[in-house]
Amino acid sequence: MPKKLLLLPPLSVSSAFRAPRVTLAARQAMNAARTGYRVFSANSTAACTELAKRITERLGAELGKSVVYQETNGETRVEIKESVRGQDIFIIQTIPRDVNTAVMELLIMAYALKTACARNIIGVIPYFPYSKQSKMRKRGSIVCKLLASMLAKAGLTHIITMDLHQKEIQGFFSFPVDNLRASPFLLQYIQEEIPNYRNAVIVAKSPDAAKRAQSYAERLRLGLAVIHGEAQCAELDMDDGRHSPPMVKNATVHPGLELPLMMAKEKPPITVVGDVGGSIAIIVDDIIDDVESFVAAAEILKERGAYKIYVMATHGILSAEAPRLIEESSIDEVVVTNTVPHEVQKLQCPKIKTVDISLILSEAIRRIHNGESMAYLFRNITVDD
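Here is what the cut-offs are and how they apply
- Residues numbered from 1 in each chain as written.
- Predicted model: local features only at pLDDT ≥ 70, side-chain atom pairs only at ≥ 80, totals over all residues.
- Heavy atoms only, no water.
- Pairing = 2+ DSSP bridges.
- Helix = DSSP H or I, 4+ residues; strand = E, 2+ residues; numbered from the N terminus.
- Axes fitted to C-alpha atoms, helices over the stretch in contact; angles between N-to-C directions.
- Contact = heavy atoms within 4.5 Å.
- Buried < 20%, exposed > 50% of the residue type's maximum accessible area, 1.4 Å probe, protein only.
- Phe/Tyr/Trp six-rings, centres within 6.5 Å; stacked < 30°, edge-to-face > 60°.
- Lys NZ or Arg CZ within 6 Å of the ring centre and 35° of its normal.
- Salt bridge = Lys/Arg side-chain N within 4 Å of Asp/Glu carboxyl O.
- pLDDT = per-residue confidence, 0-100.

**Concerning the sheet that holds strand β1 (residues 37-41)**
And then number 1: Read across the open sheet, the five strands follow the order β1-β4-β5-β6-β7; overall the sheet is parallel. The sheet is open, and its two borders are formed by β1 and β7 (177-180), each paired with just one other strand. Here the average twist between neighbouring strands, direction ignored, is 15°.
And then number 2: Where strand β4 (residues 88-92) meets strand β5 (residues 120-125), five bridges bridge the pair, whose relative direction is parallel. Paired with D88 across the two strands is N120, which belongs to β5.
And then number 3: Contacting β1 and β4, helix α3 (residues 46-59) crosses the sheet at an angle of about 160° to β1.
And then number 4: Lying on the sheet, helix α11 (residues 358-370) is in contact with β1, β4, β5, β6 (158-162) and β7; it crosses β6 at an angle near 160°.

**Examining unusual backbone geometry**
For residues besides glycine, phi is generally negative; the peptide bonds are generally trans as well.
And then number 1: Of note in the backbone geometry, N196 takes a positive phi value of approximately 55° without being a glycine.
And then number 2: Mapping N196 onto the fold places it in the loop between α6 (183-193) and β8 (200-204).
And then number 3: For R221, which is not a glycine, the phi torsion comes out positive at approximately 60°.
And then number 4: Along the chain, R221 turns up in the loop between α7 (210-220) and β9 (223-228).
And then number 5: Owing to a relative accessible area of 67%, R221 belongs among the exposed residues under this scheme.

**Digging into the packing of aromatic side chains**
The geometry of an aromatic ring pair is captured by the separation of the ring centres together with the interplanar angle, meaning the angle of the planes.
And then number 1: Within this structure, the stated rule accounts for three aromatic pairs.
And then number 2: Judged by centre distance (6.2 Å) and plane angle (85°), the rings of Y37 and F90 are edge-to-face. Taken as a pair, Y37 in strand β1 and F90 in strand β4 lie far apart in primary sequence, 53 residues in all.
And then number 3: With a relative accessible area of 14%, Y37 lands in the buried category.
And then number 4: With centroids separated by 5.4 Å and ring planes inclined at 55°, the aromatic side chains of F173 and F175 adopt a geometry described as tilted.
And then number 5: Among the residues examined, F173 registers a relative accessible area of 11% and is labelled buried.
And then number 6: Given the relative accessible area of 11%, F175 is considered buried.
And then number 7: An aromatic cluster is defined as three or more aromatic residues linked by ring pairs; in this entry it consists of F128, F173 and F175.
And then number 8: Across the ring face of F294, the terminal group of K205 is positioned such that the distance to the ring centre comes to 4.9 Å.
And then number 9: Here R379 stacks its cationic end above the ring of Y376, 4.0 Å away from the centre of that ring.

**Some details on the environment of I365**
And then number 1: Secondary-structure assignment places I365 in helix α11.
And then number 2: According to the relative accessible area criterion, I365 is buried, its value standing at 0%.
And then number 3: Once the C-alpha coordinates of I365 and I122 are considered, the two residues, 243 residues apart in sequence, prove to be 8.8 Å apart.
And then number 4: Among all residues touching I365, those that are not within four sequence positions of it are I55, L59, F90, V124 and I160.

**Let's talk about the pattern of salt bridges**
It is possible for side chains of opposite charge to pair when their charged atoms get near one another.
And then number 1: Scanning the model with the defined rule gives 15 salt bridges in all.
And then number 2: Between R324 and E321 there is a salt bridge whose closest N-O contact spans 3.0 Å.
And then number 3: Classification of R324 by relative accessible area gives partly exposed; the value is 40%.
And then number 4: Between R367 and E372 there is a salt bridge, with its nearest N and O atoms 3.8 Å apart.
And then number 5: With relative accessibility at 33%, the residue E372 sits in the partly exposed group.
And then number 6: Because the salt bridges share partners, they merge into one network encompassing E50, R54, R58 and D356.

**Some thoughts on the sheet that holds strand β11 (residues 280-288)**
And then number 1: Sheet architecture is open: seven strands sit in the order β10-β9-β8-β11-β12-β13-β14, paired in mixed fashion. Sheet topology places β10 (271-273) and β14 (352-355) at the edges, where each strand pairs with a single neighbour. Pairs of neighbouring strands in the sheet enclose a mean axial angle of 25°, with direction left out of account.
And then number 2: Strands in contact with helix α8 (residues 292-303) are β8, β9, β10, β11 and β12 (308-316); relative to β11, the strand with the most contacts, it is inclined by about 165°.

**A closer look at the confidence of the model for the protein**
And then number 1: For the protein, the average pLDDT comes to 86, and 84% of its residues sit at 70 or higher.
And then number 2: Counted against residues more than four places away or in other chains, residues 11-20, with its pLDDT under 50, gives one contact.
And then number 3: Segment residues 231-243 is flagged for pLDDT under 50; beyond a separation of four residues in sequence, or across chains, it makes 27 contacts in the model.

Below is the structure:
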């Protein structure tokens, strides 16, 4: 028997083409899905989410919905509260005083996003932790390389950071690293906020910081001075493992093997190479953490005739008693960016000022997502910057 065809009643024109009602929340979700990227903060504390909120405001986006908290036993738990399938995800992680917790938050969130089928996971880490441990130190380890391997294993595919302590750290990673510079913002601060800056001298508190200071001096057309001597930071003078195993008085030496003896270093009395008399002294560096060396440098510059002293750095970690020491020192002002949260330190010391760098981070996020060149963000940047 022939099969019977079931005929449906005809639809009216109005019912066939009537658009479904879409709520405001659904419309926002559809717009977010079209953009193809989301921005998350890997830390839920107010101080650490401040930079993330500034970045999302500039991008015209909302901060991704997630929960990051510590269990009663100290374990870190991360919960992603929305779909990220097939999207570019940017994780913003500023490093507070508890560095290890911040690292675990970043690793766990990256892995959670990876298992949630995110297309790309880009870490926005303005201050990269453990960057000072990027060289071998007498039976130690290169912790920075270990961290790079852990981030790659967790699922990160790209990193945006700022002013790495050593530029060679980029070689530790198996994926792209964009090392942005804060110097344009600090140079702008000097020109706009320091009265009579033309009468200033850029100062390196040790020979190791001379290249950075020279870059500032050349761009501002100012003089250069370098502090050299016993008060300088001795980070690069630490044993790097080449003296291992340690020398033993009665060590057995192979017959006929006579290696030349390396002479011990002897630092000269502290001197200032360059004239700072009657000038404003601006000390520049990448990190200001323990401030003893900066305070000592300020005292020397005062003795040499500098009448005002500024300290400028990208990352203001300001650990331990740093605010109190700055307040009691000859330093007139400390200028840092907001790569690291330091609101508590600012309350303790009004000399600390902040420069916002969310503009360049938000532009980097936009360009990476859209597949645009990053060259615009590195205009006139040289190897020494």
